[in-house]
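What follows is each chain in one-letter form.
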Amino acid sequence: MPMNAKKDASDKRPAQAAAPVLEIAVQDACGAAVAAAAGADRIELCAALGATGGLTPSYGAIRLCAAVAAGAGAAGAAGAAGAAGAAGADAVPPRIPLGVQALIRNRGGDFVYDADDRTMQLADIGPALEAGAAGVVVGGLRADGTIDEDFARRLIDRAHEEAARLERAHVDMTFHRAFDMVPAAGRREALETLIALGYTRVLTSGGAASVPEGVDALAELADWAGGRIQIMAGGGLRPADFARVAATGVDALHLSAKTVVRSAGGPGGGGDSAYERTDPQQVAAAVREVREIREARKVREARAFES
């Protein structure tokens, strides 16, 4: 266990930011630094996002991103923070107040996992929390498209066991977009299953190809959840859509804000391929939109109080 693993910023439940919370999906410490410098509330960390929809990140990546989230900075991240408009070298590094959520997913493709898949995902939870993740992003389905309740229970039980071992009072549990594969008629039951198991939130597009296409379903889910579980809208979401999506009552907004960097890897590096980076301009635009939504809500609430 790394030094200070028991005493890092993820030891206790962080105070919830004003709704809607903004979560940025990143793939490295540079992306975390961009999110921190812009003022994002939380990050999800994953690997191979564009190619697979996201896989479990390395222990090192989680540890570096957790350092950024805690305001300690990380080697290689300073340039990204500067690009996002951070202050000079003498300034206190920005923080990510709600920390790092580490994706736990060992392969791409469907969400129906065999025994080997389950064993690997369960084994990855402890190291992710040791590295400083405030929570994990997990999920699994049965062949009929319903929530794999037994696996979902094992995942949250393992997370709680590992958190207790690390003397952590709280660990966030996010059920990922496997939820969007649940048949529409079974979404309420699926949500009730996750609530009963104690999950913190569910990431969903409302079962649609993208969030803007799923706003009606998102509104229904938010209403049904009634604050018992957080509904986080994600999937094809852009800052221009935020106001409309936030109006559904969701608790959080999630986007990757990634850009593609062309790179000639040669015969041993994947040929003339590319890799992805978190785009500071997209993240800054997302933060601006969320702040405008929050401010508009404050104004409406103040007017309602006065009347």
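Our subject in this report is the structure included herewith. (Residues numbered from 1 in each chain as written. Predicted model: local features only at pLDDT ≥ 70, side-chain atom pairs only at ≥ 80, totals over all residues. Heavy atoms only, no water.)

So, about empty space enclosed by the protein. Scanning the entire structure with this criterion turns up two cavities of 30 Å³ or more. Lining the largest cavity, in full, are Ala25, Val26, Gln27, Asp28, Leu49, Ser256, Lys258, Glu276, Arg277 and Thr278. Where the lining of the largest cavity is concerned, the elements lending two or more residues are strand S1 (21–26) and strand S10 (272–278). At three residues, the largest contribution of residues to the lining of the largest cavity is made by S10. Class assignment for the residues of the lining of the largest cavity results in three nonpolar, three polar and four charged. (1 Å grid on protein atoms, 1.4 Å probe; cavity = no way out; pocket = protein on both sides within 12 Å on 5 of 7 lines; lining within 4 Å. Points joined across faces, edges and corners; volume = space filled by probe spheres on them. Helix = DSSP H or I, 4+ residues; strand = E, 2+ residues; numbered from the N terminus. Nonpolar A, V, L, I, M, F, W, Y, C, P; charged D, E, K, R; others polar.)

What follows covers the packing of aromatic side chains. Per the counting criterion, the structure on display carries two aromatic pairs. Ring centres 6.1 Å apart and planes at 70° place the aromatic pair tyrosine 113 and phenylalanine 151 in the edge-to-face group. In this pair, tyrosine 113 is assigned in the loop between strand S3 (100–103) and helix H5 (115–130) and phenylalanine 151 in helix H6 (residues 149–165), connecting sequence segments 38 residues apart. Given a relative accessible area of 3%, tyrosine 113 falls into the buried group. Aromatic side chains phenylalanine 175 and tyrosine 199 sit 6.0 Å apart centroid to centroid with 70° between the ring planes, which places their arrangement in the edge-to-face category. Linking phenylalanine 175 in strand S5 (residues 172–175) with tyrosine 199 in the loop between helix H7 (187–197) and strand S6 (201–204), this pair joins segments that are 24 residues apart in sequence. (Phe/Tyr/Trp six-rings, centres within 6.5 Å; stacked < 30°, edge-to-face > 60°. Buried < 20%, exposed > 50% of the residue type's maximum accessible area, 1.4 Å probe, protein only.)

Before going further, it helps to spend a moment on the pairing of S1. When you tally the buried positions in S1, you get six out of six residues, the bulk of the element. The alternating pattern of S1 places Val21, Glu23 and Ala25 on one face and Leu22, Ile24 and Val26 on the opposite face, and all of these are buried. For S1 and strand S8 (residues 252–255), the ladder comprises four bridges, and the chain directions are parallel. Each bridged residue has a counterpart across the sheet, and for leucine 22 the counterpart in S8 is leucine 253. As paired strands, S1 and strand S2 (residues 42–45) are joined by four bridges and run parallel to one another. Note on S2: the bridge partner recorded for isoleucine 24 is isoleucine 43. (Pairing = 2+ DSSP bridges.)

This part covers the pairing of S2. Regular strands show a simple pattern: their side chains alternate between the two faces of the sheet. Going residue by residue along S2, you find Arg42 and Glu44 tucked away on one face and Ile43 and Leu45 tucked away on the opposite face as well. Judged from the three bridges that link them, S2 and S3 form a sheet pairing that is parallel. Each residue of the ladder has a partner; that of isoleucine 43, found in S3, is valine 100.

The calculated volume of the largest pocket comes to roughly 640 Å³. The wall of the largest pocket is formed by 27 residues, among which Leu49, Gly53, Arg177, Gly235 and His254 lie closest to the centre.

As a further point, take the packing of helix H1 (residues 29–38) against helix H10 (residues 280–306). The geometry of H1 relative to H10 is characterised by a closest axis approach of 9 Å and an angle of 35° between their N-to-C directions. Note that H1 runs across H10; the crossing there is right-handed. Side by side, H1 and H10 meet where Val34, Ala35 and Ala38 of the first sit next to Pro280, Val283, Ala284, Val287 and Arg291 of the second. In terms of residue class, the contact of H1 with H10 is made up of seven nonpolar, no polar and one charged. (Axes fitted to C-alpha atoms, helices over the stretch in contact; angles between N-to-C directions. Left-handed = near helix turned anticlockwise from the far one by under 90°. Contact = heavy atoms within 4.5 Å.)

Strand order around the closed barrel formed by eight strands is S1-S2-S3-S4-S5-S6-S7-S8, with parallel pairing between neighbours. Across the sheet, the mean angle from the axis of one strand to that of its neighbour is 25°, orientation sign disregarded. Strand direction decides the pairing type here: strand S4 (residues 135–138) and S5, joined by four bridges, are parallel. Counterpart to valine 137 in the pairing with S5 is threonine 174.

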